[in-house]
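# A closer look at the structure
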Amino acid sequence: MTLQVKALGRCFGEKQVLQQVDFSVGKGEIVSLLGTSGCGKSTVLRALAGLDSDYEGNISIPSDQRVGFIFQEPRLLPWKTVLANATFGLKGDRKENEAKARRYLELVGLKEAEKLYPRELSGGMAQRAAIARALVTEPDILLLDEPFSALDAFTKMQLQELLLKIWERFGTTIILVTHDIDEALYLSDRVLLLQGRPSTLAKDLKVALNRPRSRGSAALGKWKEDILEQLEGKEQTYDYSLVTEIGQKA
Amino acid sequence: MWKKLRTHPVLLGSLLPIVLLAAWEILSRAGVIPAYQLPAPSVILSTIITYFKDGSLQEHVLLTVYRLFVGFIIGTIAAILLGTLVGYSELAERFFDPLIQAFRSIPSLAWVPLFILWMGIGETSKVTLIAVGVFFPVYLNIVDGIRGVDRKLIEVGRMYGLDGVALVRRIILPASLPSFLTGLRSGLGLGWMFVVAAEIMGASQGLGYLLILGQNTYAPDVIIASIFLFALLGKLTDWVLKLIQKRSLHWQDTALAK
């Protein structure tokens with residue numbers, strides 16, 4: 001096991017957002033954390049990344065495992081060029097770092113853009129640059145927080161393919177937070193469904209399907225239906241009785 | 001012709017000053033405006049040339065610029081040190097900021113008598129007064145700038161193992177640079193104001209001294225020449241800072257960055 005989470009919980013003030021979440025991720029696995037917005041899936045990821053330390057429970061990541069993080073927004077440093085952003089996480093000799101960063105920029109398809117500043121990039125290019133920045137440090141575990149949710153459908157598909165290419169090439173362990181069921185099913189070996197108030201782990205779905213997968217395949221469709229059923233069954237987003245009540249008063 | 005006037009960067013803006021100058025010259029020469037109150041532009045220009053030829057103008061200008069420069073540097077360094085500390089550490093803010101804010105509410109010219117009493121009318125009191133004037137806008141802008149740094153960028157830094165000094169150096173300072181440069185420019189503006197005050201309060205040289213000299217010798221041409229030079233130098237130094245600002249902030253994604 002590369003990463004283990006035991007009885008993870010998190011309170012914001014009085015409000016318990018997350019409760020008793022247990023899971024583990026094996027080396028080289030792609031695991032998605034799926035859930036509606038506000039269910040605490042990003043909270044899990046931030047705890048894993050060490051960006052949040054006020055959680056309950058236990059997280060164990062072997063100390064030799066380097067962790068990389070890709071945010072929902074690119075979060076490039078606006079005063080640095082693409083190349084300088086890509087070398088941001090590296091220490092030591094500048095020339096060597098730049099040569100290394102160039103290789104990863106080429107991998108994400110930004111070879112020609114190294115001298116540009118973030119303001120000159122499109123959304124997709126900026127997110128590619130952010131991916132290169134994370135990859136340059138050669139992470140063993142890559143954490144992604146809804147990394148493609150702000151992109152258009154086509155760019156999103158391109159970057160999903162890129163992520164799979166990276167996974168094939170480096171065998172990186174990937175944990176991806178998403179609210180997109182199709183994305184979770186297309187990319188992952190396992191889908192963890194977070195649900196409830198406070199959220200608990202409602203489902204640990206193994207997506208036993210070889211790659212390359214077909215986005216429209218019947219098997220994925222079936223799983224999607226299962227997940228939707230699960231979401232509709234338990235997640236009552238609106239209290240409809242309240243609506244009628246207000247209606248009657250008016 | 002009209003189109004050229006409308007689109008040219010300086011033409012339209014210089015129209016009014018030229019007309020006013022011409023009117024002023026004509027009215028002065030015709031004797032409508034008494035020369036002992038407002039001499040003609042040509043007279044003022046010849047005053048400047050006279051001072052320039054005997055070398056005293058250069059000395060006055062140099063000394064004024066020197067005082068401003070030293071005060072500006074001292075005020076800025078103090079503001080950087082305190083501003084960074086207060087902006088970065090909440091503890092430092094609670095410790096220093098109330099006192100600094102209290103001092104800020106003292107109109108800086110009110111320090112003049114005290115500084116003269118403490119340090120005499122020599123260079124020290126002048127430079128100190130200028131430094132005090134420069135300190136506050138720079139300090140406030142640094143604190144604001146550091147406070148305003150995007151939390152998301154700080155998280156990026158932490159994700160790559162930065163903290164303490166490294167985080168300040170690699171994320172916080174560059175991210176607050178725009179605000180710092182704005183502070184420098186308004187600090188410089190105040191610096192010019194205070195150099196006048198400092199030189200009026202007693203000096204034997206400098207542009208501010210020329211103002212007093214003109215007043216005491218009934219020479220309005222000297223006063224206006226000195227005012228003109230203050231405006232020219234103020235504009236020039238601000239232009240230098242503006243150039244630095246433009247150069248170092250070319251990465252900014254704003255309407256002005258073109």
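Residues numbered from 1 in each chain as written. Chains lettered and ligands numbered in written order. Predicted model: local features only at pLDDT ≥ 70, side-chain atom pairs only at ≥ 80, totals over all residues.

Further remarks concern the overall build of chain B. Helix and strand counts for chain B come out as 11 helices and 0 strands. Helices (α) and strands (β) of chain B occur, in sequence order from the N terminus, as α-α-α-α-α-α-α-α-α-α-α. Its C-alpha radius of gyration of 23 Å places chain B more than 25% over the 18 Å reference for a compact globule of 258 residues. Seen along its three principal axes, the alpha-carbon backbone of chain B occupies a region of about 75 × 60 × 30 Å. (Helix = DSSP H or I, 4+ residues; strand = E, 2+ residues; numbered from the N terminus. Rg over C-alpha atoms; globule rule 2.2 N^0.38 Å.)

The helix and strand tally for chain A stands at 8 helices and 9 strands. At 20 Å, chain A has a C-alpha radius of gyration in line with the 18 Å of a compact globule built from 250 residues. C-alpha extents for chain A along the principal axes are approximately 70 × 40 × 35 Å. Looking at the 250 residues of chain A, the share that counts as buried comes to 37%. Of the contacts made within chain A by residues no fewer than 6 positions apart, 69% connect residues no fewer than 24 positions apart. (Buried ≥ 20, exposed ≤ 12 C-beta atoms within 10 Å, placed from the backbone. Contact = placed C-beta atoms within 7 Å.)

Once that is clear, we can look at the environment of Arg169(B). Residue and element names in this part refer to chain B. Position of Arg169 relative to the elements: it lies in helix H9 (residues 164–200). Using a count of 12 C-beta atoms within 10 Å as the deciding quantity, one classes Arg169 as exposed. Linking Arg169 and Arg94, residues 75 residues apart in sequence, is a C-alpha distance of 23 Å.

The subject of this paragraph is the nonpolar core. All names here are of chain A. With 65 residues, the main nonpolar core has Ala86, Ala129, Ala132, Leu143 and Ile175 as its most contacted residues. For this core, the leading source of residues is helix H4 (residues 123–136), giving 9 residues. If you count residues domain by domain, this core takes at least three from each of domain 1 (3–66 + 143–249) and domain 2 (77–138). Contact partners of Ala86, with chain neighbours within four places excluded, come to Ala101, Tyr104, Leu105, Ala129, Ala132, Arg133 and Val136. (Core = buried A, V, L, I, M, F, W, Y, C linked by C-beta atoms within 7 Å. Domains from an automatic or database assignment.)

Another point: the domain arrangement of chain A. Residues and elements named next belong to chain A. The domain architecture assigned to chain A consists of domain 1 (3–66 + 143–249) and domain 2 (77–138). One C-alpha centre belongs to domain 1, the other to domain 2, and the line joining them spans 27 Å. If you look at the interface, domain 1 gives 8 residues, while domain 2 gives 7 residues.

Listed by partner, the interface residues are 11 residues for chain B and 12 residues for chain A. Grouping the amino acids of the side of chain B that touches chain A by side-chain chemistry returns 6 nonpolar, 1 polar and 4 charged. (Nonpolar A, V, L, I, M, F, W, Y, C, P; charged D, E, K, R; others polar.)

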